[in-house]
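Examination of the molecular architecture
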Amino acid sequence: MEIWQAVVLGVVEGVTEFLPVSSTGHLTITEKLMGIPIDDKGVTAFTAVIQVGAIIAAIIYFRNDIGRFIAGFVKGLRSAEARKETGWKMAINVIVGSLPIAVIGLLFKDLIEGELRSLWFVAGALVVWSLVMVLSEHLATQDRGEADLTWKDALIIGLAQCIALIPGVSRSGATISVGLLRHLDRVTATRLSFFLGIPALAAAGILEGVQRAGEVSETVGWGPAAVGTVVSFIVAYASIAWLLKFVATNSIATFVYYRAAVGGIIVALLWGGVISAT
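Rules and cut-offs
- Residues numbered from 1 in each chain as written.
- Predicted model: local features only at pLDDT ≥ 70, side-chain atom pairs only at ≥ 80, totals over all residues.
- Heavy atoms only, no water.
- UniProt positions renumbered as here; feature names shortened; annotations may be inferred.
- Salt bridge = Lys/Arg side-chain N within 4 Å of Asp/Glu carboxyl O.
- Helix = DSSP H or I, 4+ residues; strand = E, 2+ residues; numbered from the N terminus.
- Buried < 20%, exposed > 50% of the residue type's maximum accessible area, 1.4 Å probe, protein only.
- Phe/Tyr/Trp six-rings, centres within 6.5 Å; stacked < 30°, edge-to-face > 60°.

The protein chain is annotated in an unreviewed UniProt entry as Undecaprenyl-diphosphatase of Dactylosporangium cerinum. As its UniProt record puts it under Subcellular location (unreviewed entry), the protein chain is described as follows: "Cell membrane".

Quick look at the pattern of salt bridges now. Evaluated as defined, the whole model comprises 9 salt bridges. Put simply, E146 and R191 hold a salt bridge, and the shortest N to O gap is 3.1 Å. Residue E146 is found in the loop between α8 (119–139) and α9 (151–163), and its partner R191 is found in helix α11 (residues 186–211); the two are separated by 45 residues along the sequence. Each member of the pair E146 and R191 is classed as buried. Linking D153 and R182 is a salt bridge whose minimum nitrogen-to-oxygen distance equals 2.8 Å. Of this pair, D153 sits in helix α9 while R182 sits in the loop between α10 (171–181) and α11, and the two are 29 residues apart along the sequence.

Residues annotated in UniProt with the feature "transmembrane region" (unreviewed entry) correspond here to residues 42–62, 87–107, 119–136, 192–210, 222–244 and 256–277. Structurally, residues 42–62 comprises 90% helix and 0% strand, and the distance from its first C-alpha atom to its last is 31 Å. In residues 222–244, helix accounts for 100% and strand for 0%; the two terminal C-alpha atoms are 32 Å from one another.

Before going further, it helps to spend a moment on unusual backbone geometry. Phi at Q142 takes a positive value of approximately 55°, unusual for a residue other than glycine. Tracing the chain through its elements places Q142 in the loop between α8 and α9. Under the relative-accessibility criterion, Q142 is labelled partly exposed at 28%.

Using the criterion set out here, one finds 11 aromatic pairs in the structure. When the ring of W242 is compared with that of F246, the centres are 4.8 Å apart and the planes differ by 25°; the resulting orientation is stacked. A residue pair is termed a helical-turn pair when its members lie 3 or 4 positions apart in one helix, as W242 and F246 do in helix α13 (residues 222–249) at 4 residues. With relative accessibility at 41%, the residue W242 sits in the partly exposed group. Ring pairing ties together the aromatic residues F18, Y61, F62, F69, F194, F195 and Y237, which thus form one cluster.

Encoded structure:
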């Protein structure tokens, strides 16, 4: 992989990781257009590794919240009274909400990195989940905030995060949509999406980096991987700030037009034989 390709992929990762448009889907499409083999294990590992840059951006952006959750969890282990506080409750919510993807991700790892990376799946998921996003905005009452979150909400939204293992669905699109269906307000659903994404994506990036270090080195090279990670960090930080401001006053269904257009273009290119699915 050339350095310029790593920069492009880092930008794509940083922009799309937290927007409800599917970062994996966009990375797969971009890699395909640049002639990079999307079924190569080293390339798959590269896309997971550069996610770490976006996750570091999220950790820094939400450092005060994360510190509050950790402090609340530690205090809650020693005091029943502290377990009534928001810090403890949110720490438990993040832990419970992170369990489903840890199990499902490991069980179906080979399928996710193989057949599901087909552009047919990406295009279909972009379009189909767009309908869920529209429905969630239509049905949402948005009358529940962060203080109203329960471990059941976190578990259900965590299960939705597993659906996003299908490229094209979008992790944030899945979690925010289901959060809205649980009648959380849009900002609370988006913040929870970030909090659940930090452990899930960090674990995936570190695991891939350790397990496939040799493949990344041989196929991509650690120089491009480092560049892609740094670029994704810078771009993702700006993307996080923008999205939180956007969802405060705008529907996530706004992204549906873009998702549907991208999905339609992919189908047209595949149908016309301009590009191959894998």
